[in-house]
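# Structural description and commentary
Residues per chain are reported as follows:
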Amino acid sequence: MLLLDLTLPRPEENLACDEVLLDTAESGDGPEVLRFWAPAQFFVVVGYANRAAREVNLAWCQEHGIPVLRRCSGGGTVLQGPGVLNYSLILRASASGPFRTITSANQFIMATHRDALRTLLAREVTQEGHTDLALEGLKFSGNAQRRRQQFLLFHGSFLLDMDLDAIERALPMPSSQPDYRANRRHRDFLTNFPVPMAGVKRSLTKAWNAAGAASAPMAAIARLAASKYSQSAWNLKF
C-alpha cells in the first residue's frame, strides 16, 4: 500500500480525488492507497443518498458562505473544517479477503482503526453503530464506503480540534441515527479526539503498513471536480 498525504486547494477537488483514485485502481492502473487530507475551510458534505434540504441548514450555510457538496459514498451528512483529519483507503476487494462484502469491510477496517487509536490514549476507544468510533459514548469518527467490482473506497473523518458548535449550527438532527446516539444533539453527541494530527497519521500509516509515495492523477481530478463536484445538479440532486 502506498501513502498519499495530499490536501488540494478546493473542497470539490478533495472529494473528486477520492473517486478518481478508486476509478484509477479499478481500471488496473493504480495501487492500494492510504490518503490523508485536512480541510482549511468549512463545507458540508452530504452522503450520496441524503436529501440536502432535510440534512443541512441550507439557509444558514448560504448566509455564511459554506458550500454544500455531495460525496460518492453513502453514510450521513458531515461538516468539514479546520481541525478535521480525513483519510481515504483504496483497497482490493478480493473474493477471499476481508473486504469482500460491505459488512466484512466495515468490521475489519473499524477494528483496525480502533486498535490503532487505542494506543494513543489512556481512554477506551470503541466501535459504535456500523462505522463510528467513540470515546466514552461520544462520536469522533464517521466512515463510509463506495464499491466497484475489484476495488473499494473506504473513507472517513476524525474530529481532532473541530468547532463542534459550528456543526450544531450547520446541521439539524439527522433523519437517521444509530441507537447509541439516543437522540442527543450534535454538541452532546460529538467530541474531539485529543491527539495531534501527526500522531493519528503515524498510527494509521503503521496500521496499514503504508510505505512509498503514491501520485495523484491531477488532470483527472480537475476534470471530475469541474464536471461533477462543482455542479448543483450533483450536489443538490436530492
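Described below are features of the structure shown in this document. Just so we're clear, the structure is a prediction, and the values are computed from it rather than from any experiment.

## Looking at the overall build of the protein chain
Looking only at helices and strands, the protein chain has nine helices and ten strands in total. Relative to the 2.2 N^0.38 estimate, which gives 18 Å for 238 residues, the radius of gyration of the protein chain is 17 Å and therefore close to what a compact globule would have. Taken along its principal axes, the extent of the C-alpha atoms in the protein chain is 45 × 45 × 30 Å. Within the protein chain, the proportion of its 238 residues that are buried is 50%. Looking at the protein chain alone, contacts between residues at least 24 apart form 73% of all its contacts between residues at least 6 apart. When the accessible surface of the protein chain is split by element, carbon and sulfur atoms take 51% of a total near 10,700 Å².

## So, the sheet that holds strand 6 (residues 84–92)
One open sheet holds the seven strands; their spatial order is 1-2-6-10-9-8-7, and the pairing between them is mixed. If you trace the sheet from one side to the other, it starts and ends with strand 1 (2–5) and strand 7 (125–128), each paired once. Within this sheet the neighbouring strands show an average axis-to-axis angle of 20°, counted without direction. Sheet topology places strand 6 next to strand 10 (residues 151–159); nine bridges connect them, and they run antiparallel. Looking across to strand 10, one finds that Ser 88 is bridged to His 155. The sheet strands contacting helix 7 (residues 197–207) are strand 1, strand 2 (33–37), strand 6 and strand 10, and the helix crosses strand 2 at an angle near 175°.

## Some thoughts on the sheet that holds strand 4 (residues 68–70)
Pairing is mixed in the open sheet, where three strands are placed in the order 4-3-5. With one partner strand each, in any of the chains shown, strand 4 and strand 5 (78–80) form the two edges of the open sheet. Taken pair by pair, the neighbouring strands of this sheet meet at an average axis angle of 35°, ignoring direction. Sheet strands in contact with helix 1 (residues 11–26) are strand 3 (43–46) and strand 4, and its direction is about 10° off that of strand 4.

## A word on the pattern of salt bridges
Across all of its chains, the model carries 14 salt bridges by this definition. Between Lys 201 and Asp 5 there is a salt bridge, and its shortest N-O distance comes to 3.0 Å. In this pair, Lys 201 is assigned in helix 7 and Asp 5 in strand 1, connecting sequence segments 196 residues apart. For Asp 115, the salt bridge is made with Arg 118, and the minimal N-O distance between the two is 3.4 Å. Taken as a pair, Asp 115 and Arg 118 lie in helix 4 (residues 102–118) at a separation of three residues, close to a single helical turn.

## Topic: the layout of surface pockets
Empty space within the largest pocket amounts to approximately 1,100 Å³. What lines the largest pocket is a set of 48 residues, and nearest its centre among them are Gly 75, Gly 76, Thr 77, Asp 132 and Lys 139. Mapped onto the lining of the largest pocket, the elements with two or more residues apiece are helix 1, strand 5, strand 6, helix 4, strand 9 (138–147), strand 10 and helix 6 (186–189). Taken together, the residues of the lining of the largest pocket sort by class into 19 nonpolar, 22 polar and seven charged. Taken as a whole, the second largest pocket encloses approximately 160 Å³ of empty space. Around the second largest pocket sit Leu 58, Cys 61, Gln 62, Gly 65, Ile 66, Val 68, Ser 230, Gln 231, Ser 232, Asn 235 and Leu 236, which together line it. Listed by contribution, the elements that provide at least two residues to the lining of the second largest pocket are helix 3 (58–63) and helix 9 (232–235). Split into classes, the residues belonging to the lining of the second largest pocket amount to five nonpolar, six polar and no charged.

Definitions and cut-offs
- Residues numbered from 1 in each chain as written.
- Predicted model: local features only at pLDDT ≥ 70, side-chain atom pairs only at ≥ 80, totals over all residues.
- Heavy atoms only, no water.
- Helix = DSSP H or I, 4+ residues; strand = E, 2+ residues; numbered from the N terminus.
- Rg over C-alpha atoms; globule rule 2.2 N^0.38 Å.
- Buried < 20%, exposed > 50% of the residue type's maximum accessible area, 1.4 Å probe, protein only.
- Contact = heavy atoms within 4.5 Å.
- Areas by Shrake-Rupley, 256 points an atom, 1.4 Å probe, with all protein chains shown as cover.
- Pairing = 2+ DSSP bridges.
- Axes fitted to C-alpha atoms, helices over the stretch in contact; angles between N-to-C directions.
- Salt bridge = Lys/Arg side-chain N within 4 Å of Asp/Glu carboxyl O.
- 1 Å grid on protein atoms, 1.4 Å probe; cavity = no way out; pocket = protein on both sides within 12 Å on 5 of 7 lines; lining within 4 Å.
- Points joined across faces, edges and corners; volume = space filled by probe spheres on them.
- Nonpolar A, V, L, I, M, F, W, Y, C, P; charged D, E, K, R; others polar.

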